Amino acid sequence: KETNALLEGHFILSSGLHSKQYIQCAKLLSHPKQAKIICSSLKEKINANLNNVDIVLSPAIGGIVVGYEIACQLNVKSIFAERVESKFTLRRGFVIPKNSNVLIVEDVITTGKSILECTKMVKQNESNVIGYACIINRSENDQIKEHKIISQIKMKIQTFKEDELPIELKNIPVDTPGSRHLSK
């Protein structure tokens, strides 16, 4: 809350659902000292649960900063995937070497869509996803239970379909803060 990473109001999430709260980790990550502390603590959890990380892969844009900081602290390579025509792709000369042990790092995991797309990319490169890590885990997605999600915080944020909005949300202006559906 100190960095305004937890926002209160009326938000439309990338899933199309409405919420009273929104997590904007970019606000936290814009404070290097606090980000380093959070990522250091997350790195300790990663070390306690995983061995032999070769490379950190992060989905753009939210995961880039946290992925980079985790990779620095683990002393491994950091790369990121970015959307090209709605599909995650490795660009900028990034590669996942065959048989690499890949840790996928995000800022917030909600639906799991981004990390599942990155998982597919890792498998296509004949490498191994050894786990997922994030600052905040909001996921309830059974499809990502193949690997444990290592997180700083497990948080449940109540969501609503548009036709089921509580009266207090109906009376608040709507904000759409995510980046997934930004136009060019």
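Small disclaimer: the values here were computed from a predicted structure and weren't measured.

What counts as what
- Residues numbered from 1 in each chain as written.
- Predicted model: local features only at pLDDT ≥ 70, side-chain atom pairs only at ≥ 80, totals over all residues.
- Heavy atoms only, no water.
- Helix = DSSP H or I, 4+ residues; strand = E, 2+ residues; numbered from the N terminus.
- Buried < 20%, exposed > 50% of the residue type's maximum accessible area, 1.4 Å probe, protein only.
- Contact = heavy atoms within 4.5 Å.
- Phe/Tyr/Trp six-rings, centres within 6.5 Å; stacked < 30°, edge-to-face > 60°.

Engineer: Explain the environment of leucine 42 to me, please; I cannot follow it from the model alone.
Structural biologist: Among the secondary structure elements, leucine 42 is positioned in helix α2 (residues 32-49). Under the relative-accessibility criterion, leucine 42 is labelled buried at 0%. Each C-alpha atom, one on leucine 42 and one on serine 15, is 26 Å from the other, the two residues being 27 residues apart in sequence. In this structure leucine 42 touches Ile70, Cys134, Ile135, Ile150, Ser151 and Gln152, once residues within four positions along its chain are discounted.

Engineer: What is the right way to look at the packing of aromatic side chains in this model?
Structural biologist: Aromatic ring pairs are described here by two measures, namely the spacing of the ring centres and the angle between the planes. Tallied over the entire structure, the rule returns 2 aromatic pairs. Relative to tyrosine 22, the ring of phenylalanine 11 has its centre 5.7 Å away and its plane inclined at 35°; by these criteria the two rings are tilted. You can see phenylalanine 11 sitting in strand β1 (residues 6-12) and its partner tyrosine 22 sitting in strand β2 (residues 18-23), a full 11 residues away along the chain. Taken individually, phenylalanine 11 and tyrosine 22 each receive the classification buried, so the pair is uniform in this respect.

Engineer: Where do I start with the environment of glutamate 69 in this structure?
Structural biologist: Looking at the secondary structure, you find glutamate 69 in helix α3 (residues 63-74). Exposure remark for glutamate 69: the relative accessible area of 18% places this residue in the buried category. Once the C-alpha coordinates of glutamate 69 and methionine 121 are considered, the two residues, 52 residues apart in sequence, prove to be 22 Å apart. If sequence neighbours within four positions are ignored, glutamate 69 has contacts with Lys36 and Cys39.

The analysis is restricted to geometry; functional conclusions fall outside its scope.
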